[in-house]
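Here are the chains, one letter per residue:
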Amino acid sequence: LAAAAAARFAGPGLPWLLVWCGAALAAVLAGWFAMQAKAARLGIAVTRGPGRRFLLCLGPALVAGAVLTAALVRAGRPDLLPATWLLCYGAGVTSAGAFSVAVIPLTGAAFLALGAACAFAPPAWGDLFLAAGFGVVHAVSGLLVAKRHGG
C-alpha cells in the first residue's frame, strides 16, 4: 500500500518504475526471510519439501514477470506493467497453491482476476489495482494463513 501511494507521488516513467521495483525487491527479501524463519521453526530446509515446491512454482512466474517488465519498458508500454505483474504473480501463486492450504490458490485467483480487470481498465487505475492485489489481497490472505495455519 505504501508503494502504491509513493508511486502516485513519484510521477510517471522511471521514478514510478523504481518505486515498484524497490517494493518488489523488499517483498522478495521479506518473503525469503519469513520462509527461512518458518522452515527453521519447523526444523526443515526451505529448499526441501513444501518450500522447494513453492519456489519452483512461483519462481518461473516471477522470472517471466521480470522479463516482460524489461520488454514492455523497452517497447514503451509501461501502462501494461500493472496487469502483467498481477497476472504473472497470480499464475505463480495459483500454481504454488496446488501444494498448499486452500487460501493460497484462492489468493492466486484473486490476483488473476485483478490482473484481468486491470488489463482492460484505464491505465491511470494501475496503482489502484496493484494496491488492491499486493496490499489488500496479501494482507487478508496473510492474516488468514497466520490465524489458521500459524504463518
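A short tour of the structure in this document, coming up.

A closer look at the overall build of the protein chain
- What the protein chain contains, in helices and strands, is 6 helices and 0 strands.
- Going residue by residue from the N terminus, the α and β elements of the protein chain occur as α-α-α-α-α-α.
- At 16 Å, the protein chain has a C-alpha radius of gyration in line with the 15 Å of a compact globule built from 151 residues.
- Dimensions of the protein chain, computed from the C-alpha atoms along their principal axes, are close to 45 × 25 × 25 Å.
- Relative to its full complement of 151 residues, the protein chain shows a buried share of 32%.
- At a minimum sequence separation of 6, the contacts of the protein chain that also span at least 24 residues come to 55%.
- Counting every atom, the protein chain has about 8,700 Å² of accessible surface; 75% of that belongs to carbon and sulfur.

Focus on helix α1 (residues 2-10)
- Those residues of α1 that sit buried are A3, A4 and A7. Down the axis, α1 shows its buried residues gathered within 100 degrees of arc, on one side only. Across α1 from its buried face, at more than 90 degrees, point the exposed residues A2, R8 and F9.
- Of the surrounding secondary structure, the elements contacted by the buried residues of α1 are α2 (14-42) and α6 (126-149).
- Downstream of α1 by a residue or two, G11 has a phi angle that is positive, lying close to 90 degrees.

A closer look at a nonpolar patch on the surface
- Among the surface-exposed residues, L25, L29, W32, F33 and L55 lie close enough to one another that they form a single nonpolar patch of about 490 Å² accessible area.
- Considering each element in turn, the nonpolar patch owes the most residues, 4 residues, to α2.
- With respect to the helices and strands, the residue L55 is situated in helix α3 (residues 49-74).
- We classify L55 as partly exposed; its relative accessible area is 34%.

Observations regarding the side chain of D127
- You can see D127 is positioned in helix α6.
- Assessed through its relative accessible area of 9%, D127 is described here as buried.
- In this structure the side chain of D127 is engaged in a polar contact, spanning 2.9 Å, whose partner is the side chain of W20.
- Ignoring sequence-local partners within four residues, the contact set of D127 consists of A4, A7, R8, W16 and W20.

Concerning helix α5 (residues 103-120)
- Across its 18 residues, α5 extends 26 Å between first and last C-alpha, which sits within 8% of the 26 Å expected from 1.5 Å per residue.
- V103, I104, T107, G108, F111, L114, G115 and C118 are the residues of α5 that are buried. All buried residues of α5 project into a common sector of 145 degrees when viewed along the axis, lining one side. Turned more than 90 degrees away from the buried face of α5 sit L106 and F120, all of them exposed.
- Among the structural elements, α4 (81-96) and α6 are those in contact with the buried residues of α5.

Conventions used here
Residues numbered from 1 in each chain as written. Predicted model: local features only at pLDDT ≥ 70, side-chain atom pairs only at ≥ 80, totals over all residues. Heavy atoms only, no water. Helix = DSSP H or I, 4+ residues; strand = E, 2+ residues; numbered from the N terminus. Rg over C-alpha atoms; globule rule 2.2 N^0.38 Å. Buried < 20%, exposed > 50% of the residue type's maximum accessible area, 1.4 Å probe, protein only. Contact = heavy atoms within 4.5 Å. Areas by Shrake-Rupley, 256 points an atom, 1.4 Å probe, with all protein chains shown as cover. Arc of directions from axis to C-beta. Patch = residues over 30% accessible without salt bridge, like charges linked within 9 Å, V, L, I, M, F, W, Y side chains within 5 Å. Salt bridge = Lys/Arg side-chain N within 4 Å of Asp/Glu carboxyl O. Polar contact = N/O pair within 3.5 Å; in protein donor to acceptor, adjacent residues only side chain to side chain. Expected span 1.5 Å × (residues − 1).

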